[in-house]
Amino acid sequence: MAMPYIGSHILDRELKKGSAELLILSLVEDRPRHGYEIGQLIELRSRGVLHFNVGSLYPLLYRLEKRGWIRGRWVEKASQRRRRYYRLTAAGAKVLTAQRSNWREFVQAITRVTGVAHA
Amino acid sequence: MPDFKEEIRRRLADLRLSPTRENEIVEELSQHLEDHYEQSLRGGATEEEAYQAAVDELNESDLLKPELKRVERRVQREPLVIGGDSKAHMLGDLWQDLRYGLRMLAKNPGFTTVAVIALALGIGANSAIFSVVNTVLLRPLPYKNPERLVMVWEENSKQGYPRDTPAAANYVDWRDQNHVFEDMAAIVEISFNLTGVGDPERIDGQRVSASLFSLLGVEPQLGRAFRAEEDKPGANHVVVMSHGLWQRRFGADPAIIGRPINLNGESFTVVGVMPRSFQFPTRNDQLWVPIAFDAKEAGNRGSHYLEVIARIKPGITLQEAQAEMTTIASRLQQQYPGTNTSIGAVVTPLHEHVVGDIKPALLVLLGAVAFVLLIACANVANLLLARAAVRQKEIALRLALGAGRQRLIRQFLTESVLLAAFGGGIGLLFAVVGLSVLKRFIPPNISHAQAITIDAKVLIFTVVVSLVTGLIFGLAPATQAANFNLNDTLKESGRDSAAGSRGNRIRGLLVVSEVAVSFILLIGAGLLINSFLHLRNIDPGFRAEKKLTMKIVLPEVRYADKEQRGVFYRELIRRVETLPGVVSAAVATSLPLTESGNSVGVSIEGRADPAPDRVPIVITRMISPRYFETMGIPLLKGRAFTEEDKAESPAVIVISETTARQFWPGEDALGKQLKIGFPSNSENKWLTVIGVVKDVRQYELVVEPKPQMYLPFTQANFFEPRALVVKTNLEPLSLAATVRKTVWEIDRDQPVSNIASMENIVSNSVARQRFSMLLLGIFASLALVLAAVGIYGVMSYSVAQRTHEIGIRMALGAQRGDVLKLTIGQGLRLVVTGVIIGLAAAFVLSRVMSSLLFGISPTDPLTFITISLVLVSVAILASYIPALRASRVDPMFALRYE
């Protein structure tokens, strides 16, 4: 059936969009990471469900950086080419806290409505 | 490892990111792809598969560009990096360059001020002269489709009149026979005594064909123009007046239409008032009445006094109109052999007629200001070169850091254009001030002179000139900066580098051209000044000092016969001569150099009548006794007129020396006779010569005197006196009010006009020449000052650079004099080269001025020699100060100085 497929596709995109900021902020919370690493971690930790390609990941990073939530810095390490590491800023930390609790409420609400049990 | 950078860059190309930002993104993304690639390899993929996977990743979503565009929409403010990738980022770079340029200019206020002022002078002079040219030469005449308006003249080159004013009958034939003109109108000057409203006033106007206004395509602001039926004798007592007259004399009363006014003692009905902007043919004309030829005038082919204006039909060219008029004229030649034998017809654009005289002078001035600007450019280029030398370290550093040479040139050009823009702005202010001064010197008879303003065209002109200027003077320093050798500069201490000596060569070249150009300008000014002196040294034949003159025209209606007029003049002279401060007074038909007067053809006693076109023409003036004495015209022989030369006494004349020489060469003219008109057996009386006076320049100072004669006004029954001249021992104009009051004591309604001292009249007659001379003189002085500053600047710079060398020379025993000689010699070499080049150029260029010169040739040796000397002495002076500084160098200090 075509309809449900398209429906789930759209849902997927909307979910990703809403959650992507939260994902990235969470991933750079404990330590600075570079873009490739962030993309890898998302894919790894979501067990392949969530995948960000170059075209969606980097514009997102730049937008967060522009908002002042994360901060990128070129860092050179021995025997490596320089990479751009992103870390969470103070402003970003506040946003992360807020988004986390929002997300939790949202998921709980969805769960209550749909009756889907938490895994 | 494959390179993904190009792949990425290609996808970002049309985002127009700033170069720095783009590089950063490319680097980050390519790293991501490389990581991806390596991981694929580690996962067991082949190189091709891994590469494909990475590229797929890049292609997987088409979001990259739109998303980046949203995030990176605005070019970010980046730290200033000069150089770097130069293509495709013109705007961002320009902004950078502008800010950087502004900072550089602000950092060197001295340099900036000097450069901006030099440029402002040059650009301001250009804007001012261009606004004159724009108004006087370029602006279309304020009539409908002015390009189709022409003047039609009689062509009578055989008698020396290539463009003669047509006779009425010829005009009528032209008008009725042609098929090329929509309409044709004639005008002729006329003056009116306006009486009945306040003080009587003499007002200039024109008799015009009824269709003139519609031919020009202008409507009266109030009322109407003339009707065709008013263009007939008896129906022509209607008048259209100028806006100025309406305001000044009638309080801008809208009820003026239909009211009668009193002109020359007759009543005219006002039918129209023209708009404020209307002037035809000149601003002086304030009244227009229908020309209304009577039968006699309409049939006259012998008196040539009309001006004829016509509008060419659409689709007909000037050449076609000319051809048609030539055909008609040759038909008239056959039809009227007695009068029209040598008369053709010429069609000329109205615009050419209006601007004709002043055009050469304005073009020369425009050339002159362009030269001044060139000199200013050379000066600023010099300053920039000197500064570029100082900035060598900065340039070297940038080149070393990878700045492109093109990028450097652009930076330098931006700076110079910025300078020029400031110069242009201030120049515009100079132009505004300059114009208000300039207007006072513009000869009053130049059309639309008072309308000269700075309009949009002048603004655009100024902007363009400023930009071009900036590019021109910026080019030398910019290319020098780009060409210099990085290695040399970094190796040396920077004081005596190769670039420095190349800069010196360019600087020398600039000084040479500055000198050459200012030499040309000085020659132009010198020639005009010299020519003006010639003009002022011409003996006009009379003494202009302490003479008061005024125009008094008796209206024919009030003073119908000669007897009445004689009574008025005699009474006027008698009363004026009793005024304190008055030595003597006289009246005449017209005064010298007032562009008016009469000439007559004469027959000479005892000579066979010549062919009609060879009749001798004599300038004729009717005068009162004591006219010669009052005007200071020396009597050479015989006697002047007295009160005893009455109407009924024997008819007598006084002739000028040229008349005596031409008519009776080698004989005594006294007692000889001639007669006005021809043939010699006509009824006119023979006139006996009783005196010979010195020649007077009657019309123009520059024209060699032609034969002249004087008649007692009591004996002449044509040509009425119109001018009063009073010899005083006071300041002439201080008597004006008293004399005018005396006139009004005799006749309360008698207008008095054109009150002027004779010296004023003489000086007005050379106003045009004075205008050209004054302006070119100012520009040439400006050029001289700029050139002197340029020489001074280059010499100072070169002395500063050579301090070390001079120190060594002095340590080795060179004396102060030697150093002076060395330095001045260096400056002199440049100047002499410039003078030689300028000499050659001026020799060729000064020929364009020949129409402006009087009494000297465009290659007048005296002017050329004087100017060369002036320029060389100024140059020596300008290099003397730096030379003196050089000679005071303390060898110890110079050697230690490193």
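Residues numbered from 1 in each chain as written. Chains lettered and ligands numbered in written order. Predicted model: local features only at pLDDT ≥ 70, side-chain atom pairs only at ≥ 80, totals over all residues.

Another aspect to go through is the overall build of chain B. Scanning chain B from N- to C-terminus turns up 29 helices and 22 strands. Among the 898 residues that make up chain B, the fraction classed as buried is 42%. Long-range pairs, those at least 24 residues apart, make up 82% of the contacts in chain B between residues at least 6 apart in sequence. (Helix = DSSP H or I, 4+ residues; strand = E, 2+ residues; numbered from the N terminus. Buried ≥ 20, exposed ≤ 12 C-beta atoms within 10 Å, placed from the backbone. Contact = placed C-beta atoms within 7 Å.)

Turning our attention to the overall build of chain A. A tally of regular secondary structure across chain A gives four helices and three strands. Scanning chain A from its N terminus toward the C terminus, one meets helices and strands in the order α-β-α-α-β-β-α. Considering only residue pairs separated by 6 or more positions, chain A has 45% of its internal contacts joining residues 24 or more positions apart.

Another aspect to go through is the interface of chain B and chain A. Of the residues lining the interface, 17 residues belong to chain B; the matching set on chain A comes to 14 residues. If you list the elements that add at least two residues to the side of chain B that touches chain A, you get α2 (19-42), α3 (47-60) and α4 (64-71) of chain B. The element that contributes the greatest number of residues to the side of chain B that touches chain A is α2(B), accounting for six residues. Taken together, the residues that form the side of chain B that touches chain A break down as seven nonpolar, three polar and seven charged. (Nonpolar A, V, L, I, M, F, W, Y, C, P; charged D, E, K, R; others polar.)

Time to look at unusual backbone geometry. All names here are of chain B. Looking along the chain, the bond that leaves phenylalanine 280 and enters proline 281 is cis, with omega of -15 degrees. Structurally, proline 281 is set in the loop between β8 (266-273) and β9 (287-290). At asparagine 264, a position not held by glycine, the phi torsion is positive, near 50 degrees. Mapping asparagine 264 onto the fold places it in the loop between β7 (260-263) and β8. Residue lysine 546 is not a glycine yet carries a positive backbone phi of 55 degrees. On the secondary structure map, lysine 546 appears in the loop between α19 (498-537) and β12 (547-551).

All names here are of chain B. Interhelical geometry of helix α1 (residues 5-12) versus α2 gives an angle of 130 degrees and a closest axis separation of 9 Å. Classified by the angle their axes make, α1 and α2 are oblique. Crossing geometry of α1 relative to α2 is assigned as right-handed. Contacts between α1 and α2 involve Lys5, Ile8, Arg9 and Leu12 from the former and Glu22, Ile25, Val26, Leu29 and Ser30 from the latter. Its residues placed into classes, the contact of α1 with α2 shows five nonpolar, one polar and three charged. (Axes fitted to C-alpha atoms, helices over the stretch in contact; angles between N-to-C directions. Parallel < 35°, antiparallel > 145°, perpendicular 65-115°, else oblique. Left-handed = near helix turned anticlockwise from the far one by under 90°.)

A few words now on the environment of B:Ala811. Relative to the elements of secondary structure, B:Ala811 occurs in helix α26 (residues 803-811). Residues B:Ala811 and B:Asp890, spaced 79 residues apart in sequence, show a C-alpha to C-alpha distance of 9.0 Å.

Further remarks concern the sheet that holds strand β1 (residues 33-34) of chain A. Residues and elements named next belong to chain A. Strands sit in the order β1-β3-β2 across an open sheet of three strands; the sheet is antiparallel. For this open sheet the edge positions go to β1 and β2 (70-75), each flanked by a neighbour on one side alone. Here two bridges tie β1 to strand β3 (residues 83-88), and the two strands are oriented antiparallel to one another. Bridging across to β3, histidine 34 finds its partner in tyrosine 85. (Pairing = 2+ DSSP bridges.)

Our next topic: the confidence of the model for chain A. Residue and element names in this part refer to chain A. Across chain A, the average pLDDT comes to 79, with 82% of residues at or above 70. Within chain A, helix α1 (residues 2-27) has the poorest average pLDDT of any element, 62, and β1 the best, 91. Note on residues 1-8: pLDDT is under 50 here. Beyond four places in sequence and across chains, it has zero contacts. (pLDDT = per-residue confidence, 0-100.)

Moving on: the nonpolar core. Residues and elements named next belong to chain B. The biggest cluster of nonpolar side chains holds 166 residues, and the ones touching the most others in it are Val239, Val372, Val380, Val515, Phe779 and Ala783. The biggest single contributor to this core is helix α14 (residues 359-390), with 22 residues. With residues near it in sequence (within four places) discarded, valine 380 still touches Ala115, Ala118, Leu119, Leu419 and Phe473. Formed by 53 residues, the second largest nonpolar core is a distinct cluster that contains Phe542, Met622, Ala660 and Val689. (Core = buried A, V, L, I, M, F, W, Y, C linked by C-beta atoms within 7 Å.)

Residue and element names in this part refer to chain B. With five of its five residues buried, strand β20 (residues 708-712) lies for the most part within the structure. Residues of β20 alternate between two faces, with Gln708, Tyr710 and Pro712 on one and Met709 and Leu711 on the opposite face, all of them buried. One ladder, built from five bridges, connects strand β15 (residues 617-623) with β20; its direction is parallel. Bridging across to β20, arginine 621 finds its partner in tyrosine 710. Bridge count for strand β17 (residues 652-656) against β20 is two bridges, and the pairing is antiparallel. Following the sheet pairing, isoleucine 655 is matched in β20 by methionine 709.

This paragraph deals with helix α16 (residues 405-441) of chain B. With 37 residues, α16(B) ought to run about 54 Å at 1.5 Å a step, and its terminal C-alpha atoms sit 50 Å apart, in line with that. Roughly 25 degrees is the biggest bend found in α16(B), and it falls at B:Leu435. (Expected span 1.5 Å × (residues − 1). Bend = angle between axes of the 7 residues up to and from the residue.)

Let us look at the confidence of the model for chain B. Residues and elements named next belong to chain B. Per-residue confidence for chain B gives a mean pLDDT of 84; residues scoring 70 or more make up 93%. Confidence over residues 74-88 falls short of pLDDT 50; this stretch has 25 contacts with residues more than four positions distant or in other chains. Ignoring residues within four places in sequence, the model shows residues 493-499, a span with pLDDT below 50, making 15 contacts including any to other chains. Scored as a complex, the prediction yields pTM 0.65 and ipTM 0.82.

Residues and elements named next belong to chain B. For tyrosine 627, the location among the structural elements is in helix α21 (residues 627-631). Residue classification places tyrosine 627 among the buried residues on the basis of 27 C-beta atoms within 10 Å. As for tyrosine 627 and alanine 588, which are separated by 39 residues in sequence, their C-alpha atoms are 7.6 Å apart. Setting aside its immediate chain neighbours within four residues, tyrosine 627 contacts Ala586 and Ala588.

Let us look at the pairing of strand β18 (residues 673-676) of chain B. All names here are of chain B. The pairing of strand β14 (residues 598-604) with β18 spans three bridges and is classified as antiparallel. What sits directly across from isoleucine 604, in β18, is leucine 674. Pairing geometry for β18 and strand β19 (residues 686-693), over three bridges, is antiparallel. Residue pairing for β19: glutamine 673 is matched across the bridge by threonine 688.

All right, on to the environment of B:Val150 then. Assignment of secondary structure puts B:Val150 in strand β1 (residues 149-156). Sequence separation between B:Val150 and B:Arg311 is 161 residues; the distance between their C-alpha atoms is 6.2 Å.

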